[in-house]
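Spelled out, the chains give:
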Amino acid sequence: MRKLILSAALVAASVFGMTAVQAAEPATAGKEYIELSNPVPVSQPGKIEVVELFWYGCPHCYHFEPTVNPWAEKLPADVNFKRVPAMFGGPWDAHGQMFLTLEAMGVEHKVHAAVFKAIQEQGKKLVKPDEMAEFLATQGVDKDKFLATFNSFAIKGQVNQARELAKKYEITGVPSMVVNGKYRFDLGTAGGPEGVLNVADQLIAKERAAK
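The structure presented is a predicted model; accordingly, all values stated were derived computationally and were not measured.

(A) Summary view of the packing of helix α4 (residues 91-105) against helix α5 (residues 108-120). At a minimum axis separation of 9 Å, α4 and α5 run at an interaxial angle of 155 degrees. Accordingly, the angle class assigned to the pair α4 and α5 is roughly antiparallel. As for how α4 packs across α5, the hand of that crossing is right-handed. Here H95, M98, F99, L102 and E103 of α4 come into contact with α5, specifically with E108, V111, H112, V115 and I119.

(B) Structural context of unusual backbone geometry. That bond from V174 to P175 is cis: its omega, 0 degrees, falls within 30 degrees of zero. Relative to the elements of secondary structure, P175 occurs in the loop between α8 (153-169) and β4 (176-179). Backbone geometry places L126, a non-glycine residue, at a positive phi of 50 degrees. Looking at where L126 falls in the secondary structure, it is placed in the loop between α5 and α6 (129-137).

(C) Here's a closer look at the sheet that holds β4. Read from one edge of the open sheet, 5 strands run β1-β5-β4-β2-β3, paired in mixed fashion. On the outer flanks of this sheet lie β1 (34-35) and β3 (79-85), each paired with one strand and no other. Bridge analysis of β4 against strand β5 (residues 183-186) gives 4 bridges, and the strand direction is antiparallel. Across the sheet, the residue bridging to M177 is F185, located in β5.

(D) Helix α7 (residues 143-150), seen in detail. Within α7, the full set of buried residues consists of F146, L147, T149 and F150. One side of α7 holds all its buried residues, which, seen down the axis, span an arc of 165 degrees. Exposed and oriented more than 90 degrees from the buried face of α7 are D144 and A148. Residues of α7 that are buried sit in contact with α4, α6 and α8. The distance from a side-chain oxygen at the start of α7 to the backbone nitrogen of D144 is 3.3 Å, and the residue carrying that oxygen is D142.

(E) Representation of the packing of aromatic side chains within the structure. Evaluation of the coordinates by the stated rule reveals 11 aromatic pairs. Here Y62 and F116 contribute two aromatic rings whose centre-to-centre distance is 5.4 Å and whose plane-to-plane angle is 45 degrees, an arrangement assigned as tilted. One end of the pair, Y62, is in helix α3 (residues 59-73); the other, F116, is in helix α5, with 54 residues separating them in the sequence. A relative accessible area of 1% places F116 in the buried class.

Cut-offs used in this document
- Residues numbered from 1 in each chain as written.
- Predicted model: local features only at pLDDT ≥ 70, side-chain atom pairs only at ≥ 80, totals over all residues.
- Heavy atoms only, no water.
- Axes fitted to C-alpha atoms, helices over the stretch in contact; angles between N-to-C directions.
- Helix = DSSP H or I, 4+ residues; strand = E, 2+ residues; numbered from the N terminus.
- Parallel < 35°, antiparallel > 145°, perpendicular 65-115°, else oblique.
- Left-handed = near helix turned anticlockwise from the far one by under 90°.
- Contact = heavy atoms within 4.5 Å.
- Pairing = 2+ DSSP bridges.
- Buried < 20%, exposed > 50% of the residue type's maximum accessible area, 1.4 Å probe, protein only.
- Arc of directions from axis to C-beta.
- Polar contact = N/O pair within 3.5 Å; in protein donor to acceptor, adjacent residues only side chain to side chain.
- Phe/Tyr/Trp six-rings, centres within 6.5 Å; stacked < 30°, edge-to-face > 60°.

Below, the structure is given as structure tokens:
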């Protein structure tokens, strides 16, 4: 955890040290992004996958939301954007399991912003299932259904899958992005939020051209 906090601080420093001109330069492997030595299979074969690894407790992830959301909404049909919760233990795992539960219930898109705001702005921890359920009930989520889904075997399996994905992507902090299971980058390497999207666009185009 201490290393992750230090990593976030370094990311913040590097973000403010980059200029918009630098962020707009052509992305190169080993600089703006890392090419994974062992590509990870995508969840929807035939589509170009863009994964954002995040944590509800991460302020950088929260501040990235206004930039990444409009971009993700406008992605073409051949691109599949998905969020994967980073699992590093403790509150990371609790929040990740909450996200996966909401996703399985089909309500994540309705309450995602509210959960982020509650943790980042309202001081709510939301690490205990009952605490989560009480808050989510104020957002229209059925309390009993949430708890039953949260504790289900299926969700526990998804938690393990998310944990394994983070290992395969070799991430050390969040937010991190991975394109098509091959290329990983973050705010620090890409030069800030807009830089991340610029790198993502370039790598999407690269993968599309390779088809």
